[in-house]
Amino acid sequence: MTELITNDITKEDIKEAIENKIKRGIGVTLDVATEAQIYKAVGLTIRELIMERWANASKQITNTGVKRLYYLSAEFLMGRALTNNMINLEVFDLYKEALRELGVSLDEVEEVERDAGLGNGGLGRLAACFMDSLSTLEMPVTGCCIRYEHGLFRQKIVDGAQTEVDDNWLEDGSIWEVARPDDKVEVKYGGNVEEIWTADGLKIEHTGYTSVLAYPYDYPVMGYDSKAPGTLRLWSARAKTEIDMGYFNKGDYARAVEESALVEAVSQVLYPEDNHEQGRLLRLKQFYFFTSATMQFLVNRMKKHHGDVRNLPDFYTVQINDTHPTVAIPELIRILMDDEGLQWDEAIDIASRMFNYTNHTIMSEALEKWNENLFKSLLPRIHKIITVIDEKFKEQIWTKWPGDWDKLNQLSIISGGEIRMANLCIAMCSKVNGVSQLHADIIKTNTFRDFYILFPDKFIGITNGITQRRWLAKSNPGLTGAIGDRIGKGFLKDYTQFDRIKDFANDPEFLTEIDKIKRENKVRLRDHLYKKQGIEINPDTMFDVQAKRLHEYKRQLLKLMHILRLYFKLKADPHAHITPATFIFAAKAAPGYYRAKDIIRLILAAGELINNDPDTKDILKIVFIENYSVSEAELLVPATDVSEQISTAGLEASGTGNMKFMLNGAVTMGTMDGANVEIFEAVGPSAIFIFGATVQELEQLERSGTYNPKQMYEENPELKQVLDAFVGGVIPTKSGHHFDDIYNALIFGEGGRADKYYLIYDFKSYDNVYSQLTAAYEDRGRWLQMAAANITGAGVFSSDRTIMDYVNNVWHLDPLRWN
């Protein structure tokens, strides 16, 4: 089977392999097998094909000594693997036909697979796209994270509000993972650290600590037409002793497993709530757990295969994706000094040449900081190392700005009882990158301005990207086929070939076909939502979509405000011309982010009002997709007409949802924020709708202090009507809940600052530009040309391009060489 697959497989080979796997691996015959058993059998045949390539690539990496990237991220939002692996192995059509002949629906089999609960939003999805591209480009890579037993949560809408339910995604195991118990390592917390000077130098004695064993599980990540699958290594926490037999034999069964349960909590849940000290402590344990395990493994591998640890930077480079994995830096220094006997200067030099940092936010409250006392109690040795780094870094600052105490406090790593992880990254990493060109400019001129003055060569911009394999070939096979019929399939591996679509961007036949495909995708989404949530939507309406994590700066509330504006316009004049639209929201709010949860409640309540009003229900409809995930996105994105990317200018680092939607022919309604700026440049002003204040305009408002949202509210009757509805009982809720908090935050503010994210300021601009958008949508010829321009312009936003930017400017990797 494997030999045939890798060379010249047929449908008959696939059918035979699946039937054999069901009989010999599961012990049933196909006619009585459940969908779950069929999924397992089909998946295992695919896994075997990948394993051969995976093993060969691993051997080749070791034999050639090519540099390997370790990509550290607290999230990897991978999505389902079965059909994505089929596509990347180029056997999807064969498998679909073979299963059809066996009387099995591939779509139904795929539904068995649960999305891996390893991420929350854009950060994790970006990491997943990077893994796909690195494998496609045959760059040696290991992604590292925690094997979370439970994902963030499954979102349920109960009584008009978000409720969090356990996401036990590993309940039935995973056919893709391979346990690697031989690579387990010990991670230590707490205790006492003593520095002992001997004739041989400094020795560290660590006593009274708590131990956790880190067991690795590896997942192959198959790239498109690749001989070098990447590796996703997930670390699972286990106690050294799972059962205390002393307590067990006394009948105290709960206490017998108590220590094991406490230890294994480290890898139980993605992002435990951190609005209390125990939650913050658990998060820090998690971040240190997987970074310590990774650094220990990396050093062990270096010694086994390449010898002297002083040569680590020649064989490994490490990328820190956001600040969560920052503790990897002092942990590597600890290993090199305490375990390998290197001197301080040697260890610092090695670390500074190996690590690089991707920043994902300019919002100061989102830059990770740890209470120094909490940190010191949990990681005493790491705290000591950071303290020394900080002392030496302060010397650099003082040399650059002698006598400037404000500058010293601002840039130092430890200040005011806090350890600032972004400052540690910037001080120690070789490169620091923003994730769009606008974001890079902002961190150089604002967020990290003084750091940029100190280290001008460290800072670069590398715009994010998405993989066209999952977000086109898998999500939208109809559009993939339409493009492939005209330019071939090369665009799935070579993003520059998207430019060739320009030859057909005004071709009536192509435009008619993409219009037909869009409607088919809308019907597919309609059927899915009815089956899943009992929601009925009309595919002949405009699908206007905002799908992203719920946060105030992403401004889902602004979109809702405008929907209510249209609602009240229709109520005042039932004959007013308004383009029939289905407004689709998809978002999770963090469990402790109460205003975000209240915004979801408001969206749902407004939906109850508008969707059930006989004057509006056939023209306007609000839909909220429950438990948004990668699999849901794969249905939503291809069906979208309008992509809402309306964050406050200057606050969205990049965004990748904007890229997924444009790739599938949606037209962006957005601010000049994040990667929207580059989308504007790629598609031109005639294929995107831009509204709202610019970064420069908002900076001027901030400096002048003249912004008065209450005055704007009082002077705009349409806006006033919308906001008054939040508190006037117009919008009903099942619990009688009113939205005073949201209303007050917009008009009166908190701490003297109202409308922090400028929703009121941008409302009128949004309304004006939305009218232009709907006029364009009703001009079908014009709209389809805009859709085609977005598809054509999406090539530059391939994560393949992003990865090559990292390869050339940061990592300096070479693709795997084959003899």
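Rules of the game
- Here the residue numbers are simple positions, counted from 1 along each chain's written sequence.
- With the structure being a predicted model, the display of local features is reserved for residues of pLDDT at least 70 and the display and counting of side-chain atom pairs for 80 or more, all residues being used for whole-chain, interface and lining totals.
- Values reported for side chains reflect all heavy atoms of the structure, with hydrogen atoms and water molecules removed beforehand.
- Every helix listed is a DSSP run of H or I at least four residues long, and every strand listed is a run of E at least two residues long, numbered separately from the N terminus.
- Note on method: radius of gyration uses C-alpha positions; expected globular size equals 2.2 Å times residues raised to 0.38.
- Here's how the labels work: a residue is buried when its accessible area is under 20% of the maximum for its type, exposed when over 50%, partly exposed in between, all with a 1.4 Å probe on protein chains only.
- At least two bridges found by DSSP between two strands is the condition for calling them paired.
- The contact definition used throughout considers only heavy atoms, calling two residues in contact when any of these lie within 4.5 Å.
- To get an axis, fit a line to the C-alpha atoms, keeping to the stretch in contact for a helix; angles then go from 0 to 180 degrees between the N-to-C directions.
- To qualify as a nonpolar core, a set must consist of buried Ala, Val, Leu, Ile, Met, Phe, Trp, Tyr and Cys residues joined through side-chain atoms within 4.5 Å.
- A pairing counts as a salt bridge when a side-chain nitrogen of Lys or Arg comes within 4 Å of a carboxyl oxygen of Asp or Glu.
- As a per-residue measure, pLDDT reflects the predictor's confidence and takes values from 0 up to 100.
- Take the residue count of a helix, subtract one, and multiply by 1.5 Å to get its expected span.
- Think of it this way: a Phe, Tyr or Trp ring, Trp meaning its six-membered ring, pairs with another when their centres are within 6.5 Å, and the plane angle makes it stacked under 30 degrees, edge-to-face over 60, tilted otherwise.
- Comment: the charge-over-ring label is applied if NZ (Lys) or CZ (Arg) is within 6 Å of the ring centre and within 35 degrees of the ring normal.
- In these notes the angle categories are as follows: under 35 degrees is roughly parallel, over 145 is roughly antiparallel, 65 to 115 is roughly perpendicular, and the rest is oblique.
- Only Asp, Glu, Lys and Arg are considered charged in this grouping, and only Ala, Val, Leu, Ile, Met, Phe, Trp, Tyr, Cys and Pro are considered nonpolar; every other residue, Gly among them, is considered polar.
- Crossings are sorted by hand: turned counterclockwise from the far helix by less than a right angle, the near helix makes the crossing left-handed, and turned clockwise it makes it right-handed.

### Points about the overall build of the chain
Thinking step 1. A count of helices and strands for the chain gives 35 helices and 23 strands.
Thinking step 2. For a compact globule of 819 residues, the expected C-alpha radius of gyration is about 28 Å, and the chain comes in at 27 Å, within 12% of that figure.
Thinking step 3. Each principal axis of the C-alpha atoms in the chain carries an extent, and together these give about 90 × 75 × 65 Å.
Thinking step 4. Counting across all 819 residues of the chain, residues that qualify as buried make up 59%.

### Quick look at the sheet that holds strand 15 (residues 418-420)
Thinking step 1. Taken in spatial order, the three strands make up an open sheet running 13-15-14, and their pairing is antiparallel. Looking at which strands have only one partner, the edges of the open sheet turn out to be strand 13 (369-371) and strand 14 (414-415).
Thinking step 2. Across the sheet, helix 18 (residues 421-428) touches strand 13 and strand 15, and the angle it forms with strand 15 is around 45°.

### Brief notes about the sheet that holds strand 18 (residues 542-547)
Thinking step 1. In space, the six strands of this open sheet follow the order 20-19-18-21-22-23, with parallel pairing throughout. A single partner strand is all that each edge strand has here, and the edge strands are strand 20 (620-625) and strand 23 (689-690).

### Some details on the nonpolar core
Thinking step 1. With 276 residues, the main nonpolar core has Phe289, Leu312, Ile333, Phe355, Leu723 and Phe726 as its most contacted residues.
Thinking step 2. Looking at which element gives the most residues to this core, the answer is helix 11 (residues 277-305), with 12 residues.
Thinking step 3. Setting aside anything within four residues of it in sequence, one finds isoleucine 333 in contact with Trp344, Ala347, Ile348, Ala351, Ile385, Ile389 and Met428.
Thinking step 4. If you look at the next biggest cluster of nonpolar residues, it comprises five residues, including Ala57, Ile61, Val66 and Leu816.

### Notes on the side chain of asparagine 664
Thinking step 1. By the element assignment, asparagine 664 lies in the loop between helix 27 (657-663) and strand 22 (667-670).
Thinking step 2. Discounting chain neighbours no more than four positions away, the residues touching asparagine 664 are Trp471, Leu472, Asn476, Leu479, Lys518, Val637, Pro638 and Ile791.

### Digging into the pattern of salt bridges
Thinking step 1. In this structure the tally under the stated criterion is 58 salt bridges.
Thinking step 2. In this structure, the salt-bridge partner of glutamate 331 is arginine 334, at a minimum N-O distance of 2.8 Å. Of this pair, glutamate 331 and arginine 334 both sit in helix 13 (residues 328-339), three residues apart, which is roughly one turn of that helix. The same class applies to glutamate 331 and to arginine 334, which are both buried.
Thinking step 3. For the salt bridge of aspartate 618 with lysine 617, the shortest nitrogen-to-oxygen distance reads 3.9 Å.

### Thoughts on unusual backbone geometry
Thinking step 1. Notably, aspartate 322 is not glycine yet its phi reads approximately 70°, a positive angle.
Thinking step 2. Its location among the elements puts aspartate 322 in the loop between strand 11 (316-321) and helix 13.
Thinking step 3. One non-glycine residue, arginine 555, lies in the positive phi region at around 65°.
Thinking step 4. Position of arginine 555 among the secondary structure elements: in the loop between strand 18 and helix 24 (556-572).

### Comments concerning the confidence of the model for the chain
Thinking step 1. In this model, the chain carries an average pLDDT of 94, and 97% of its residues clear a pLDDT of 70 or more.
Thinking step 2. Note that pLDDT drops below 50 for residues 1-5; the model gives that stretch 12 contacts with residues more than four away or on any other chain.

### Some words on helix 3 (residues 35-64)
Thinking step 1. Its 30 residues place the ends of helix 3 43 Å apart at the C-alpha level, agreeing with the 44 Å of an ideal helix rising 1.5 Å per residue.
Thinking step 2. Looking one or two places after helix 3, you find glycine 65, whose phi comes out positive at around 70°.

### What to know about the pairing of strand 2 (residues 141-146)
Residues in a regular strand project their side chains so that they alternate between the two faces of the sheet.
Thinking step 1. Of all six residues in strand 2, six are buried; the element is thus mostly enclosed.
Thinking step 2. Of the two faces of strand 2, the one lined by Val141, Gly143 and Cys145 and the one lined by Thr142, Cys144 and Ile146 are each fully buried.
Thinking step 3. Taken together, the four bridges between strand 1 (residues 68-72) and strand 2 define a ladder with parallel strand orientation. Bridged to tyrosine 71 within strand 2 is glycine 143.

### As for the packing of aromatic side chains
Thinking step 1. Within the structure shown, the criterion is met by 22 aromatic pairs.
Thinking step 2. Plain terms: the ring middles of phenylalanine 287 and tryptophan 370 are 6.3 Å apart, the flat faces sit at 70° to each other, and that makes the pair edge-to-face. Placement of the pair is phenylalanine 287 in helix 11 and tryptophan 370 in strand 13, with a sequence separation of 83 residues. Across this residue pair, the class does not change: phenylalanine 287 and tryptophan 370 are buried.
Thinking step 3. For the ring pair tyrosine 743 and phenylalanine 748, a centre distance of 6.3 Å and an interplane angle of 65° mean the geometry is edge-to-face.
Thinking step 4. Among the aromatic residues, those joined into a cluster by ring pairs are Tyr71, Phe76, Phe130, Tyr806 and Trp811.
Thinking step 5. Seen from the ring of tryptophan 54, arginine 180 lies directly overhead, with NZ or CZ sitting 5.3 Å from the centre.
Thinking step 6. Cation over ring: lysine 285 sits above tyrosine 189, and NZ or CZ is 5.9 Å from the ring centre.

### Topic: the packing of helix 13 against helix 16 (residues 380-400)
Thinking step 1. Orientation of helix 13 relative to helix 16, taken along the N-to-C sense of each, is 100°, at an axis distance of 9 Å. The pairing of helix 13 with helix 16 is recorded here as roughly perpendicular in orientation. Along the contact surface, helix 13 presents Pro330, Glu331, Ile333, Arg334, Met337 and Asp338, while helix 16 presents Arg381, Ile382, Ile385, Ile386 and Ile389.
Thinking step 2. Its residues assigned to classes, the contact of helix 13 with helix 16 shows seven nonpolar, no polar and four charged.

### Description of the pairing of strand 9 (residues 210-221)
Thinking step 1. Most of strand 9 sits out of view: 11 of its 12 residues are buried.
Thinking step 2. Pairing analysis gives two bridges linking strand 5 (residues 178-179) to strand 9, with the strands arranged antiparallel. In the strand pairing of strand 9, alanine 179 is matched with tyrosine 217.
Thinking step 3. Inspection of the sheet shows strand 6 (residues 185-189) paired to strand 9 by five bridges, in the antiparallel sense.

### A short note on helix 7 (residues 122-136)
Structurally, the α-helix is built with 3.6 residues per turn, so residues lying three or four positions apart point the same way.
Thinking step 1. Taking 1.5 Å as the rise per residue, helix 7 with 15 residues should run 21 Å; its terminal C-alpha atoms sit 21 Å apart, in good agreement.
Thinking step 2. The element helix 7 is extensively covered by neighbouring structure, given that 14 of its 15 residues are classed as buried.
Thinking step 3. Looking one or two places after helix 7, you find glutamate 138, whose phi comes out positive at around 60°.

### Quick word on the packing of helix 23 (residues 508-533) against helix 26 (residues 630-639)
Thinking step 1. Running from N to C, helix 23 and helix 26 cross one another at 140°; their axes reach a closest spacing of 8 Å. If you check the angle between helix 23 and helix 26, you find them oblique. Between helix 23 and helix 26 lies a crossing whose hand is left-handed. For the pair helix 23 and helix 26, contact is made by Lys518, Asn521, Lys522, Arg524, Leu525, His528 and Lys532 and by Glu632, Glu634, Leu635, Leu636, Val637, Pro638 and Ala639, respectively.
Thinking step 2. Residues of the contact of helix 23 with helix 26, tallied by class, amount to six nonpolar, two polar and six charged.

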